[in-house]
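Chain by chain, the residues:
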Amino acid sequence: MQIAVRKFFIEFHAPFTIASGTRTGTHAVYARVSLDGITGYGEASMPPYVTETQETVTEFLQSIKLEKIKHTDDVLLLLAELHNDDSENQTAKACLDIALHDWLGKAARKPLHCMWELDATQCPANTYTIGISSAADLPRKVQQCVDFDLIKVKLGGTHDKETITALRALTDKAICVDANQGWHNKEEAIAMIDWLSDKHITFIEQPLPKEHIDDMAWVHTRSSIPVIADESFQTAKDLEQLAGACAGINIKLMKCGGLHTARAIATQAKALDMKILLGCMSESSCGVSAAAQLAPLATWTDLDGPLLIKNDPFTGITYKHGKIVLSEIAGCGVELRDNTFFDSH
């Protein structure tokens, strides 16, 4: 098996603001693995709050001895070995994991969701995300998500109540709230949740700083709205301590190392009767289409990344009536827009 790597900068259609700041895009690394005339594609997306960089991801990918991979059994063995490694290169692992799974699906001539016997008709509501915005910007942003029934709004700024009030004046659609750790203590968080309780809010994501697990548990037991852990939940090892501290978790391939572990986490979370939000970083169609293969396991999906960027190198995921449509394209369901993408840099 051979590998090609491409560094890339994902550009947003417009600046995107959350509680921790504003960005115009995200650094990414793409991988292409090739064996027996079959190619698989993977993505690593690295917003500024993660420790990995394009350089560390590239070094990790180039350190894997892929030339030893000769057939499908070798790919399966490498996936197992990849996730037995306790290193912190979760984003780099996700990139290679996605590429290997894409290759496996193409080798089997099946989409991954079919290989895993998941029902494509059971995809839940998908969110459309609105960053922290002024009241004047909200009408335009609400119009952009007209085809979606679940609006995700970023809070944790200085005008949270004004934002929700303005949004409610514009739409009666269900809203989910992501504070991105922006509410500073449990009292502030529960006061805000109590105020939100009659605003048709589906869930509250990461109300408190990620280390404040006990305080999040305090909020969870008093909240009338499901509390979902995102920044507090990174990998499978975090699941046990969060059981009882929240209603559910946000699983992202970039956090947990890829599809192999994400599927195992989803199975374990369902056994614990926890809700599953299947999310993404600011990723292109490559990473998001891979995550979408697990959509039938989720309570909700938050996989709108490709809708927010303007230079997506891939085609893949599509949406209809506010839900993901899983295609019959083999593997992760993605195709390169430009076949020279890996050769041009």
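Above this text is the structure in question.
All values derive from a computational prediction rather than experimental measurement.

### Some remarks on the packing of helix α2 (residues 72–84) against helix α3 (residues 90–108)
And step 1. Interaxial distance between α2 and α3 falls to 11 Å at its minimum, and their mutual angle equals 155°. Here α2 lies roughly antiparallel to α3, going by the angle between them. Seen from above, α2 lies across α3 with left-handed handedness. Across the interface between the two elements, T72, V75, L76, L78, L79, L82 and H83 from α2 touch K93, L96, D97, L100, H101, W103 and L104 from α3.

### Structural notes on the layout of surface pockets
The gaps of empty space that remain are located by a probe, the size of a water molecule, rolled over the atoms.
And step 1. By volume, the second largest pocket is sized at about 150 Å³.
And step 2. Residue lining of the second largest pocket: L76, L79, A80, H101, L104, L112, M115, W116, H260 and R263, and that is the complete set.
And step 3. Those elements that provide at least two residues to the lining of the second largest pocket are α2, α3, α4 (112–115) and α11 (259–271).
And step 4. Residue composition of the lining of the second largest pocket, by class: seven nonpolar, two polar and one charged.

### Quick look at empty space enclosed by the protein
And step 1. Applying the stated rule across the entire model yields one cavity of 30 Å³ or more.
And step 2. Each pocket or cavity is described by its volume, and for the largest cavity that value is around 30 Å³.
And step 3. What lines the largest cavity is I251, A262, A266, I276, L278, L294, L297 and A298.
And step 4. The set of elements that each furnish at least two residues to the lining of the largest cavity consists of α11 and β10 (275–279).
And step 5. For the lining of the largest cavity, a count of residues per class yields eight nonpolar, no polar and no charged.

### Focus: the sheet that holds strand β5 (residues 150–154)
And step 1. Spatial strand order, β4-β5-β6-β7-β8-β9-β10-β11: eight strands in an open sheet with parallel pairing. Of all the strands in the sheet, the pair left with one neighbour each is β4 (127–130) and β11 (300–302). Averaged over all adjacent pairs, the angle separating strand axes in this sheet is 25°, with direction ignored.
And step 2. Pairing between β10 and β11: three bridges, direction parallel. Across the sheet, L277 pairs through a bridge with W300, a residue of β11.

What counts as what
Residues numbered from 1 in each chain as written. Predicted model: local features only at pLDDT ≥ 70, side-chain atom pairs only at ≥ 80, totals over all residues. Heavy atoms only, no water. Axes fitted to C-alpha atoms, helices over the stretch in contact; angles between N-to-C directions. Helix = DSSP H or I, 4+ residues; strand = E, 2+ residues; numbered from the N terminus. Parallel < 35°, antiparallel > 145°, perpendicular 65-115°, else oblique. Left-handed = near helix turned anticlockwise from the far one by under 90°. Contact = heavy atoms within 4.5 Å. 1 Å grid on protein atoms, 1.4 Å probe; cavity = no way out; pocket = protein on both sides within 12 Å on 5 of 7 lines; lining within 4 Å. Points joined across faces, edges and corners; volume = space filled by probe spheres on them. Nonpolar A, V, L, I, M, F, W, Y, C, P; charged D, E, K, R; others polar. Pairing = 2+ DSSP bridges.

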